[in-house]
Amino acid sequence: MSLPPEATANRTAAADSGVIHNIGYRSYQGPRLGRSYATRSLFVQSLRAAYGLGRSGKSKVLPVLVLGALAAPALVIVAYAILQHAKQLPVDYPQYLSTFSIFIEIFLAAQAPVLMSRDLRYQTVPLYFSRPITRGDYVRAKFGAMVSAMLILMAVPLLVLYLGSILGGLPLGHNTGHLLYGLVAAVLYAVLYSALGLLIAASTPRRGFGVAAIMGALVVSSIFAGVVFGLSGGLNGYVPESAHWSAVLSPSMLVDGLVNQVFGLVGDPRTTHAPGALGVAVFAVEIAALVVGSYWLMLSRYRKI
Amino acid sequence: MNRTVARLTVLGLLGRRRGALLLVVPALLLVISVIARGADVDKHDLAVSILGQLSLGTLVPILGLVVGTGVIATEIDDGSIVYLLAKPLPRWKIITTKLAVAIVTTWVFAAVPTFLAGLILVGTQDNLAVAFTLGTMVSGAAYSALFLLLGVVTRHAVVAGLAYALVWESLVGNFVNGAKTLSVQQWGLSVARTVAADGSISAPVALGVAVPLLIVVTVAATAFASVKLAGLTLAAEE
C-alpha cells in the first residue's frame, strides 16, 4: 500500500465529491410480459433461426440456397407453360412438392438440428426452463417455428406457380382449386416432417449426427418403400392396387399418396395413391399417429431435463 | 498410423450407442434381401437394383458421410481436437489414421453386408455379390476420404456432403449424363461391372476413367485434408 502522494490526494478529493446512496434492494415491480409472451418470443426467434436471420452470413447460405433451388424450377415451368400457350401447367401443384421433395428434406435435415441440438449442446435448455415457460411451451414453440418455416419454404414455389399461371392467362378456377390442394399437401408435409425431424434432432446434441440421421431416415425409408413397391408388382406394366400399400413405409409417399387419392389426382395407376377408402383412412391415421407420437416423445424427452 | 489415435477414434465413432445405430444400415439391407428372396421377380434385376441402388447408391454414401465426418468433424466441432493437435504427432499422420479407421468401418458396416445380401439374393451367380462388394469397397474408401476432407474444411460438412451425394449424384446425375462422370457411386459401379459377368451390370463410366479418378480423389482429398489440418483455425462460427 505505497501509493504516490498525489494519487492518494486525488482519491480523497474524488471521495468527497461522490456519495454512494444506499437505496436498498428493490425488486422489479412493473408489469411482467408472462409465459405466453416468452413462448411467442421463442417461436419468433426459432423461426428466424431456421432461415439464419439474426445470425452470421454463413448460416443464411443454406436456407436461401434451398429456397432458391425449390423456387427456380417453378419459374422455369411457368415460363415454359406460358411460352407454349399450354392449357394448364405441365406439373400439378402437389406433384411439384413431391418431385422436388429432396430439397424440402434437405432443409428439414439441415435446420431441425439448428433449432434443437444447439440448445442441448450448449446447455441453454435449463436456462429456458428457469423462466416462466414450461417444457410444453418450449416444444410447442419449436414445433410451431419448424412447421411455419417449412410452410414458407413450400408456399413460395406454389405461389410462384399460381401467380405465374394466373398472369399468363391460364384458367383461374382450376388453378385456384389445385393451389389449395398443393397448400394442403404442404401443410401435411410440414407437420409430419417437422414432428419426425425435430424428434430426431432433439435426441442428439451433435448437429452433424442429427443431420445425417434425419436425412438417412427419410431417404432410406422411401427407397425401402420403393423396393417393396417393386417387389409387390410395381415394376410390371400392370400395377396391382395392393402394391400401393408400400407407401405406408415412407413419410413422403404417405403424404403424396393421401393427397393424390383424396383430391382425385390419380391419372395413371402408377401414381402413388392410397388404395381405396380403407387406404385413405389408414394413411390419414398413420400420419396423425406419427405426428402425435413424435410430439409426445419430444415432450417426454424434455421432461427429463 | 498411430494406434492410440486409432483407438480413440474408434471409441468416439462407435462408443456409447452410436455403433448400434450404425448397425441399422446393414440390418436393413439384410432384411430387404431376405424379403426379396421370397418374391417371384427376376432375381438378377432385383439384385442389381437392391445392391446397386440401395446399397451402393444410398447406404454407402450415407454411411460414408456419418463415418467420414464422424471421425474428425465432431472433434473439431466440440473443440477436443486441440488436445490431439497439441501432441508431437505429424498432422498427416492424424489424418491417415482417422481415414484408415473410417475406411475400415465403412467396409465392415457396408461392404460385408453387401456381400452377404448378394449371397442371399443370387448366390454366386454372375459374380454379382463379389462385384458389388468390390464396388462398395472402392467407393466407400473414396467417400470416406472426401467426407473427411469436408469435415476439416467446413463446419457444415454433413449438409455439404448430403448435397453432393443426393443432389449431384442422384438428382443431377439422372438428368445430365455428364454429371455421372464425376460421381463416386458411378466409379464404384464401373469397378463392379468389370468384376461381374459380361453384360450383367451396366455402368456409364469406363473403367479406364473410373480407377484413376478414384485414386486421384482419395489421395488428393487426404493430402488436402492434411494441409488444412496443419493450419486449422479454431474459431466459433456463430
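Residues numbered from 1 in each chain as written. Chains lettered and ligands numbered in written order. Predicted model: local features only at pLDDT ≥ 70, side-chain atom pairs only at ≥ 80, totals over all residues.

1. Examining the overall build of chain A
- The secondary structure content of chain A amounts to eleven helices and zero strands.
- Listing each helix as α and each strand as β along chain A from the N terminus yields α-α-α-α-α-α-α-α-α-α-α.
- On C-alpha atoms alone, chain A measures out to a radius of gyration of 27 Å, which is more than a quarter above the 19 Å that the 2.2 N^0.38 rule sets for 305 residues.
- With the principal axes as the frame, chain A shows a C-alpha extent of 100 × 45 × 35 Å.
- Counting across all 305 residues of chain A, residues that qualify as buried make up 44%. (Helix = DSSP H or I, 4+ residues; strand = E, 2+ residues; numbered from the N terminus. Rg over C-alpha atoms; globule rule 2.2 N^0.38 Å. Buried ≥ 20, exposed ≤ 12 C-beta atoms within 10 Å, placed from the backbone.)

2. As for the overall build of chain B
- Looking only at helices and strands, one finds eleven helices and zero strands in chain B.
- When the helices and strands of chain B are read in sequence order from the N terminus, they spell out α-α-α-α-α-α-α-α-α-α-α.
- Its C-alpha atoms give chain B a radius of gyration of 18 Å, near enough to 18 Å, the size a compact globule of 238 residues would have.
- Along the first, second and third principal axes, the C-alpha atoms of chain B reach 60 × 40 × 30 Å.
- Restricting to contacts in chain B with at least 6 residues of sequence separation, those with at least 24 account for 81%. (Contact = placed C-beta atoms within 7 Å.)

3. Description of the confidence of the model for chain B
All names here are of chain B.
- Taken over all residues, the pLDDT of chain B has a mean of 83, while the share at 70 or more is 97%.
- Put simply, helix 2 (residues 18–22) is where chain B has its lowest mean pLDDT, 76, and helix 8 (residues 128–153) is where it has its highest, 90.
- Among the prediction metrics, the complex's ipTM stands at 0.78, with pTM recorded as 0.83. (pLDDT = per-residue confidence, 0-100.)

4. Some points on helix 11 (residues 207–230) of chain B
- For helix 11 of chain B, built from 24 residues, the straight-helix expectation of 34 Å at 1.5 Å per residue is met to within 8% by its first-to-last C-alpha distance of 34 Å.
- Those residues of helix 11 of chain B not exposed but buried are B:A210, B:L214, B:T218, B:A221, B:T222, B:A225 and B:L229. (Expected span 1.5 Å × (residues − 1).)

5. Here we look at the interface of chain B and chain A
- With 29 residues of chain B at the interface, the matching set in chain A holds 22 residues.
- Taken together, the elements giving at least two residues each to the side of chain B that touches chain A come down to helix 3 (24–38), helix 4 (43–70), helix 5 (73–78) and helix 9 (157–175) of chain B.
- Sort the elements by how many residues they give to the side of chain B that touches chain A and helix 4 of chain B lands first, with nine residues.

6. Concerning helix 10 (residues 251–262) of chain A
All names here are of chain A.
- With twelve residues, helix 10 ought to run about 16 Å at 1.5 Å a step, and its terminal C-alpha atoms sit 17 Å apart, in line with that.
- Of all twelve residues in helix 10, eleven are buried; the element is thus mostly enclosed.
- Among all positions of helix 10, only P251, S252, M253, L254, V255, D256, G257, L258, V259, N260 and Q261 are buried.
- The positive-phi residue at the C-terminal boundary of helix 10 is G264, with phi of around 60 degrees.

7. With respect to the packing of helix 1 (residues 3–14) of chain B against helix 7 (residues 91–122) of chain B
Residues and elements named next belong to chain B.
- For the pair helix 1 and helix 7, interaxial distance at closest approach is 9 Å and the crossing angle is 45 degrees. It follows that helix 1 is oblique to helix 7 by the angle criterion. The crossing of helix 1 and helix 7 is right-handed. Residue-level inspection shows V5, A6, T9, V10 and L13 of helix 1 in contact with helix 7, the latter providing I94, T97, K98, A100, V101 and T105.
- In the contact of helix 1 with helix 7, the residues fall into seven nonpolar, three polar and one charged. (Axes fitted to C-alpha atoms, helices over the stretch in contact; angles between N-to-C directions. Parallel < 35°, antiparallel > 145°, perpendicular 65-115°, else oblique. Left-handed = near helix turned anticlockwise from the far one by under 90°. Nonpolar A, V, L, I, M, F, W, Y, C, P; charged D, E, K, R; others polar.)

8. Structural notes on unusual backbone geometry
All names here are of chain A.
- Even without glycine at this site, H85 takes up a positive phi of about 55 degrees.
- With a phi close to 50 degrees, Q123 is a non-glycine residue in the positive phi region.
- Its location among the elements puts Q123 in the loop between helix 5 (101–121) and helix 6 (125–129).

9. Thoughts on the packing of helix 8 of chain B against helix 10 (residues 184–195) of chain B
Residues and elements named next belong to chain B.
- Look at helix 8 against helix 10: their axes get within 7 Å of each other, and the N-to-C directions meet at 155 degrees. With respect to each other, helix 8 and helix 10 are oriented roughly antiparallel. In this structure, helix 8 crosses over helix 10, and the sense of that crossing is right-handed. For the pair formed by helix 8 and helix 10, the contact residues are V130, A131, F132, L134, G135, T136, V138, S139, A142, Y143 and L146 on the first element and V184, Q185, W187, G188, L189, V191, A192 and V195 on the second.
- In the contact of helix 8 with helix 10, the residues fall into 14 nonpolar, five polar and no charged.

10. Looking at the environment of B:T133
All names here are of chain B.
- Mapped onto the secondary structure, T133 falls in helix 8.
- In this structure the C-alpha to C-alpha distance between T133 and V216, which are 83 residues apart in sequence, comes to 21 Å.
- For T133, the contacting residues outside a window of four places in its chain are A111, T114, F115 and G118.

11. Regarding the environment of A:H178
- Following the sequence through the fold, A:H178 ends up in helix 8 (residues 172–202).
- Discounting residues that sit within four places of it in the chain, A:H178 has contacts with A:D92 and A:Y93.

12. Describing the environment of B:N177
Residues and elements named next belong to chain B.
- For N177, the location among the structural elements is in the loop between helix 9 and helix 10.
- Accessibility expressed as a C-beta count within 10 Å gives 9 for N177, which makes it exposed.
- Each C-alpha atom of the pair N177 and P204 lies 8.4 Å from the other, and the pair is 27 residues apart in sequence.

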